[in-house]
Structures are given as C-alpha cells and as structure tokens.
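# Examination of the molecular architecture
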Amino acid sequence: QKEVEQNSGPLSVPEGAIASLNCTYSDRGSQSFFWYRQYSGKSPELIMSIYSNGDKEDGRFTAQLNKASQYVSLLIRDSQPSDSATYLCAVNDSGSSNTGKLIFGQGTTLQVKP
Amino acid sequence: GAVVSQHPSWVICKSGTSVKIECRSLDFQATTMFWYRQFPKQSLMLMATSNEGSKATYEQGVEKDKFLINHASLTLSTLTVTSAHPEDSSFYICSASSRLGQGRDTQYFGPGTRLTVL
C-alpha cells in the first residue's frame with residue numbers, strides 16, 4: 001500500500017513567521033511531487049510542483065525535495081492569515097505513470113494567527 | 001491557464017433520483033480526468049480515473065454501476081450518480097491532467113459539486 005504521510009496538525013504560527021510543512025512518501029519510484037492548498041469548503045488549488053532534488057522557490061513558497069530520504073516539504077515565508085488552510089502533499093503513483101494518478105496525504109491544517 | 005470547471009456547483013435531489021455532474025477543461029486538452037469524493041473533515045478519496053474514449057477505471061470499493069463515468073472528449077467528463085441515497089451526499093470534485101510545464105502530468109481541480117440527497 002503506497003502512502004503519503006503528513007502531520008494533520010493544526011500547525012499554528014504567528015503572522016509573519018515561517019511555516020514549515022512536511023511530508024514523507026513510500027513509493028520510491030515517484031518522480032513528481034505537488035503541494036495543494038485547500039480552503040474549508042473549497043476544492044484543492046495547486047501551489048507548487050517539484051521534480052528534482054533540492055529547493056524550488058515561487059514567491060513566498062519554497063518546496064524542498066529529498067528523494068533519497070523520500071521527503072518533501074513546503075516552507076511559507078512571511079505567513080499571512082489568508083494562508084490558513086489545509087495543505088495537501090501529493091506524489092505520483094509510479095505504478096500508474098501513464099494516467100497521472102496521484103497519491104494524496106491526509107493534509108496538514110495551518111493556522112496563521114494575527 | 002489550466003482552468004477546470006464543474007457544473008452544477010451544488011445540487012439537492014430526492015432519494016432515488018439520478019444526478020449528472022459535468023467536468024470541463026476550459027483551456028487545455030486533458031489526457032486524463034479524475035473523480036474524487038470528499039466527506040466533511042476527511043481527505044480526498046479517488047473514485048475513478050477516466051481517459052477519453054475508453055472505460056473508466058474504478059478504485060476498489062467504488063460501485064461502477066452506481067457512479068457512471070463518461071469521458072466523451074478531451075475536454076469533457078461526466079459523473080452520474082444513479083439512484084442517489086442520503087449516504088451519497090458529499091463533495092464531488094473532478095480534476096483534469098495535462099502534460100504541461102516540464103512535460104509531466106499535473107492535476108488541476110474543478111471547484112467541486114456539493115450533492116445533498118434528501
């Protein structure tokens with residue numbers, strides 16, 4: 001059973017701080033990694049994708065990937081109350097590479113307090 | 001770019017009726033579309049994967065005769081919940097996958113359809 005593990009939280013950070021969200025995965029063959037943000041009652045929204053080891057930055061967001069450790073993280077700098085949401089980590093299912101099927105974690109709830 | 005729409009955004013129906021939900025990729029051709037269901041406070045649950053012109057692949061435990069999926073074109077997939085019952089009340093979300101960016105599949109989600117069965 002392929003799994004993606006996330007701490008469900010809630011992770012509470014003060015406004016302006018760095019929020020660090022972590023994710024581990026079991027499928028060693030996975031090559032594509034994604035972070036989605038989901039506000040309560042809404043559908044997931046793609047924030048970042050990362051495919052190579054190392055860091056990838058996009059505005060206040062930085063995704064980090066370490067395939068050897070099967071670990072992917074998301075850093076949110078200068079956290080804002082509007083960042084309060086559930087963050088879903090997803091990795092491609094290597095056994096279904098022709099379909100683009102993703103395996104999702106349970107999500108980490110982030111609360112940014114003013 | 002990469003916009004996915006769903007219709008309707010919400011629907012209320014009586015027990016025993018059928019409900020059709022449409023999912024469209026508006027500005028790209030989707031190689032594959034996915035249907036998810038999400039109950040309150042729970043994570044996404046993949047129901048099925050569909051490719052244009054072929055039968056959908058259902059996840060274990062999902063009744064294919066109850067949740068009919070048609071993928072008529074590269075931009076349209078429909079999910080029909082047949083003989084809906086109150087336990088089918090949920091948030092149904094589609095996603096469309098396209099080989100954008102670095103040539104790897106990326107899933108883009110529609111806004112979801114909230115189904116309430118009375």
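Quick summary incoming for the structure in this document. (Residues numbered from 1 in each chain as written. Chains lettered and ligands numbered in written order. Predicted model: local features only at pLDDT ≥ 70, side-chain atom pairs only at ≥ 80, totals over all residues. Heavy atoms only, no water.)

## Notes on the overall build of chain A
When helices and strands are counted, chain A shows 0 helices and 11 strands. For chain A, the α and β elements follow one another from N to C terminus as β-β-β-β-β-β-β-β-β-β-β. Since a compact globule built from 114 residues should have a radius of gyration of about 13 Å, the 14 Å found for chain A is in line with a globular shape. Seen through its C-alpha atoms, chain A measures out along the principal axes to roughly 45 × 30 × 20 Å. Residues classed as buried in chain A amount to 47% of the 114 residues present. In the structure as shown, chain A presents an accessible area of about 5300 Å², 44% of it carried by carbon and sulfur atoms. (Helix = DSSP H or I, 4+ residues; strand = E, 2+ residues; numbered from the N terminus. Rg over C-alpha atoms; globule rule 2.2 N^0.38 Å. Buried < 20%, exposed > 50% of the residue type's maximum accessible area, 1.4 Å probe, protein only. Areas by Shrake-Rupley, 256 points an atom, 1.4 Å probe, with all protein chains shown as cover.)

## What to know about the sheet that holds strand E1 (residues 4-5) of chain A
Residue and element names in this part refer to chain A. Strand order in the open sheet made by the 5 strands is E1-E3-E8-E7-E6, with antiparallel pairing throughout. This sheet does not close on itself; its edge strands, each paired only once, are E1 and strand E6 (54-58). Here 6 bridges tie strand E7 (residues 61-66) to strand E8 (residues 71-76), and the two strands are oriented antiparallel to one another. Bridge pairing links Gln-64 to Ser-73 in E8. (Pairing = 2+ DSSP bridges.)

## Some words on the pairing of strand E5 (residues 45-51) of chain B
All names here are of chain B. Within E5, 5 of the 7 residues are buried, which leaves the element mostly enclosed by the surrounding structure. Inspection of the sheet shows strand E4 (residues 32-38) paired to E5 by 6 bridges, in the antiparallel sense. Opposite Trp-35, over in E5, you have Ala-48 as the bridge partner. Connecting E4 to the antiparallel partner E5 that follows it, the hairpin turn spans 6 residues, and Lys-41 within it adopts a positive phi of roughly 65°. Relative to strand E6 (residues 57-58), E5 runs antiparallel, the two being bridged by 2 bridges. Residue Thr-49 lies in a different strand from E6, and its bridge partner there is Thr-57.

## Focus: the interface of chain B and chain A
Contacts between the two partners involve 24 residues from chain B, matched on the other side by 21 residues from chain A. The contact between chain B and chain A buries some 1700 Å² in all, and 53% of this surface belongs to carbon and sulfur atoms. A salt bridge links Glu-59 of chain B to Lys-101 of chain A; the shortest N-O distance between them is 3.1 Å. Connecting chain B to chain A are 7 residue pairs in polar contact (both at pLDDT 80 or more). Taken together, the elements giving at least two residues each to the side of chain B that touches chain A come down to E4, E5, strand E9 (90-100) and strand E10 (104-109) of chain B. Per element, the largest residue contribution to the side of chain B that touches chain A is 6 residues, and it comes from E10 of chain B. Across the side of chain B that touches chain A, the residue classes tally to 9 nonpolar, 10 polar and 5 charged. (Contact = heavy atoms within 4.5 Å. Buried area = accessible area lost by both parts, 1.4 Å probe. Salt bridge = Lys/Arg side-chain N within 4 Å of Asp/Glu carboxyl O. Polar contact = N/O pair within 3.5 Å; in protein donor to acceptor, adjacent residues only side chain to side chain. Nonpolar A, V, L, I, M, F, W, Y, C, P; charged D, E, K, R; others polar.)

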